[in-house]
Amino acid sequence: MIPSIDLHDGTRIPQLGFGTYLVDPADAAEVVSAALQAGYRHIDTAQMYGNEAGVGEAIAQSGIPRGDLYVTTKLSTANHAPDDVRRSFEQSLADLQVDYVDLFLMHWPMPNRYGGDFPATWRAMVELVGDGRARSVGVSNFEASHLDRIIAETGVVPVINQIEAHPYFPNDVVRAASRRHGIAVEAWGPLGQGAVLDDPAIARLAAGLGRSPAQVILRWHIERGDIVFPKSSHPERMRQNMELFDFELTAAQTAIIDGLDRGDEGRVGPHPDSFDWIPD
Ligand code: NAD
């Protein structure tokens, strides 16, 4: 049974989901269908992944009632102008073959583009909640200063901040800043996009627990209270990544994983203050 986390707008989100970054658009329907068959009910996609149509096909074919699914997509960095927020959101709904998404996130703040006016982008996203087509809105890759700014300028607190977090880069400063505002944290790249899986300390813990390295790392995230959606294209690993709720880490085991923190060096992705890439 996958636990749910209460969000400050009164909605709930399954703490474990399925990620779709780098799932090839041509394979997305098949991969996401396999994930739904494995039991995932929370899917994380994005306009920039180019695979929303495949995700939509899998959802439509699954026969799973819409209300049993939690679907997240994210605004492309190409679509920050308020009119583009609205237009691209319509396209996302059409591609996903849904009447609403559960969560719409601003993928990156892009403080060095669009005149630095990401609060205007946020305001346009918030309007989508008003007509019910986005049940919740949130942000991704927001540093504490970015959160402070949208909250000060719009008065609307995102429900979620989706940020890079894993044992090599626990990102605790931004996690704490998010929590202070009542914002739930989603950890992207929970396995360090694969980098943490080969760590010898993780291998020792996994052997001792009779679990896989991925399970040990994902369990650490769950116990930190973050929301995770590991990505795998292999049905066997998809299933393995869901089997996290029948074991616990001791304080000593948690301390070993906490000790793998490499600070900023541990990042696998770009820094949100400087990231300014816009797709064609
Ligand atoms: P991840 O940490 O989930 O790692 C994925 C890698 O780990 C893949 O190469 C996969 O083959 C491997 N893997 C997964 N399970 C395994 C297992 N049990 N055994 C061995 N190998 C295993 O990285 P991710 O996919 O980048 O992150 C998860 C999700 O977070 C993404 O799919 C996407 O939905 C989201 N994300 C968001 C952002 C953002 O900017 N908001 C950025 C990156 C990812």
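Before reading on, note that the structure itself is shown above.
Because the structure is predicted, anything quoted here is derived from the model rather than measured.

A.B. asks: Is there a simple way to think about the site of the ligand in this case?
C.D. replies: Every one of the 27 residues lining the ligand counts as a neighbour, but Asp44, Ser140, Leu191, Gln193 and Gln240 are closest to it. Here an oxygen atom of the ligand and a backbone polar atom of Pro190 are 3.2 Å apart. When the free accessible area of the ligand is taken as 830 Å², the share hidden by the protein chains comes to 87%. If you map the ligand onto the pockets, it falls in the largest pocket. In the shell around the ligand, the residues fall into 10 nonpolar, 13 polar and 4 charged.

A.B. asks: How should I be thinking about the pairing of strand S9 (residues 184-188) in this particular structure?
C.D. replies: Walk down a regular strand and you will see the side chains alternate between the two sheet faces. Burial within S9 is extensive, with 5 of its 5 residues counted as buried. Along S9, one buried face is formed by Ala184, Glu186 and Trp188 and the opposite face, lined by Val185 and Ala187, is buried too. Relative to S9, strand S8 (residues 160-164) runs parallel, the two being bridged by 5 bridges. For Ile163, the partnering residue across the bridge sits in S9 and is Ala187. For the crossover that starts at S8, traverses helix H6 (residues 172-180) and ends in the parallel S9, the hand is right-handed. Relative to strand S10 (residues 227-228), S9 is paired through 2 bridges, and the arrangement is parallel. Its bridge partner being in S10, Ala187 is matched across the sheet by Val228.

A.B. asks: Could you clarify how one ought to interpret the pattern of salt bridges in this entry?
C.D. replies: Between side chains of opposite charge, a pair can form when the charged atoms approach closely. Considering all chains together, one arrives at 16 salt bridges under this definition. The salt bridge partner of Asp131 is Arg133, with a shortest N-O separation of 3.1 Å. Using a relative accessible area of 45% as the deciding quantity, one classes Asp131 as partly exposed. Measuring nitrogen to oxygen at the nearest pair gives 2.6 Å for the salt bridge that ties Arg179 to Asp226. On the criterion of sequence distance, the pair formed by Arg179 in helix H6 and Asp226 in the loop between helix H8 (213-224) and S10 is long-range, its members being 47 residues apart. Residues participating in the shared-partner salt-bridge network are Asp172, Arg175, Arg179, Arg224 and Asp226.

Criteria and cut-off values
Residues numbered from 1 in each chain as written. Predicted model: local features only at pLDDT ≥ 70, side-chain atom pairs only at ≥ 80, totals over all residues. Heavy atoms only, no water. Near = heavy atom within 4 Å. Polar contact = N/O pair within 3.5 Å; in protein donor to acceptor, adjacent residues only side chain to side chain. Areas by Shrake-Rupley, 256 points an atom, 1.4 Å probe, with all protein chains shown as cover. 1 Å grid on protein atoms, 1.4 Å probe; cavity = no way out; pocket = protein on both sides within 12 Å on 5 of 7 lines; lining within 4 Å. Sits in = over half its atoms within 2 Å of the grid points. Nonpolar A, V, L, I, M, F, W, Y, C, P; charged D, E, K, R; others polar. Buried < 20%, exposed > 50% of the residue type's maximum accessible area, 1.4 Å probe, protein only. Helix = DSSP H or I, 4+ residues; strand = E, 2+ residues; numbered from the N terminus. Pairing = 2+ DSSP bridges. Right-handed = clockwise from strand over helix to strand, strands pointing away. Salt bridge = Lys/Arg side-chain N within 4 Å of Asp/Glu carboxyl O.

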